[in-house]
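Spelled out from the first residue to the last, the chains are:
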Amino acid sequence: MRASEVSVGDELPPLSVRVTRADLVRYAGASGDFNPIHWNERFAREVGLPGVIAHGMLTMGLAGRIVTDWAGDPGAVVECGVRFGRPVPVPDDDEGSLVEVTAKVAKVLEDGTFKIAVTASYEGKSVLGGAFARVRLP
């Protein structure tokens, strides 16, 4: 993507990502986050969760793919931020949970970078709040 091809209000191609328990295992191994809420159904329910949930940072990273895919270069993302709103429960089956991600160009900043507003939802409810990326394009 080139800066000259981008306008405020442009929508990025939507992204749908399935998260399975196998993804949680791989992410736990890569991140070192072995909190039992991400693998132990009984424990997750005992602490008031609806069941095993995806790691917040995994959800954020998956949602960020909408921006890196669009930009064509992960290095184009110079800043990102998010608040974790709702958990993404991940059932113990082969389908997992479907996270739907949309994004649009929110503004052009003074330094020529673009602010991209990102929305991620599970079952129609937002799971990330204030999610954004700042992107520098050639």
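What you are looking at is a predicted structure, and each value in this text was computed from that prediction instead of being measured. (Residues numbered from 1 in each chain as written. Predicted model: local features only at pLDDT ≥ 70, side-chain atom pairs only at ≥ 80, totals over all residues. Heavy atoms only, no water.)

1. Some remarks on a negative patch on the surface
Judged by side-chain charge, D92, D93, D94 and E95 come together as a negatively charged surface patch. Tracing the backbone shows E95 in the loop between β2 (77-84) and β3 (97-108). (Patch = residues over 30% accessible without salt bridge, like charges linked within 9 Å, V, L, I, M, F, W, Y side chains within 5 Å. Areas by Shrake-Rupley, 256 points an atom, 1.4 Å probe, with all protein chains shown as cover. Salt bridge = Lys/Arg side-chain N within 4 Å of Asp/Glu carboxyl O. Lys, Arg positive; Asp, Glu negative; His and termini not counted. Charge placed at Lys NZ, Arg CZ, Asp CG, Glu CD. Helix = DSSP H or I, 4+ residues; strand = E, 2+ residues; numbered from the N terminus.)

2. Topic: the packing of aromatic side chains
Taken as a whole, this structure holds zero aromatic pairs when the rule is applied. In this arrangement the basic side chain of K115 is found over the ring face of F132, its NZ or CZ atom lying 5.2 Å from the centre. (Phe/Tyr/Trp six-rings, centres within 6.5 Å; stacked < 30°, edge-to-face > 60°. Lys NZ or Arg CZ within 6 Å of the ring centre and 35° of its normal.)

3. Let's talk about helix α3 (residues 56-71)
Compared with the 22 Å implied by 1.5 Å per residue over 16 residues, the 23 Å span of α3 between its first and last C-alpha is a close match. Maximum bend of α3: about 25 degrees, positioned at R65. Every buried residue of α3 is accounted for by L58, T59, L62, A63, I66, V67, W70 and A71. Buried residues in α3 make contact with β1 (15-19), α1 (21-31), β2, β3, β4 (114-122) and β6 (128-135). G72 sits one or two positions beyond α3 and adopts a positive phi of about 85 degrees. (Expected span 1.5 Å × (residues − 1). Bend = angle between axes of the 7 residues up to and from the residue. Buried < 20%, exposed > 50% of the residue type's maximum accessible area, 1.4 Å probe, protein only. Contact = heavy atoms within 4.5 Å.)

4. A few points about the pattern of salt bridges
For the structure shown, the criterion picks out six salt bridges. Note that E41 is salt-bridged to R45, the shortest N-O span being 3.1 Å. A residue pair is termed a helical-turn pair when its members lie 3 or 4 positions apart in one helix, as E41 and R45 do in helix α2 (residues 41-46) at four residues. What makes E41 partly exposed here is its relative accessible area of 28%. Across the salt bridge formed by R134 and D111, the nearest N and O atoms sit 3.0 Å from each other. One end of the pair, R134, is in strand β6; the other, D111, is in the loop between β3 and β4, with 23 residues separating them in the sequence. Its relative accessible area of 17% is what places R134 among the buried residues. What emerges from the salt-bridge pattern is a single network uniting R21, E41 and R45.

In short, geometric facts, not functional conclusions.
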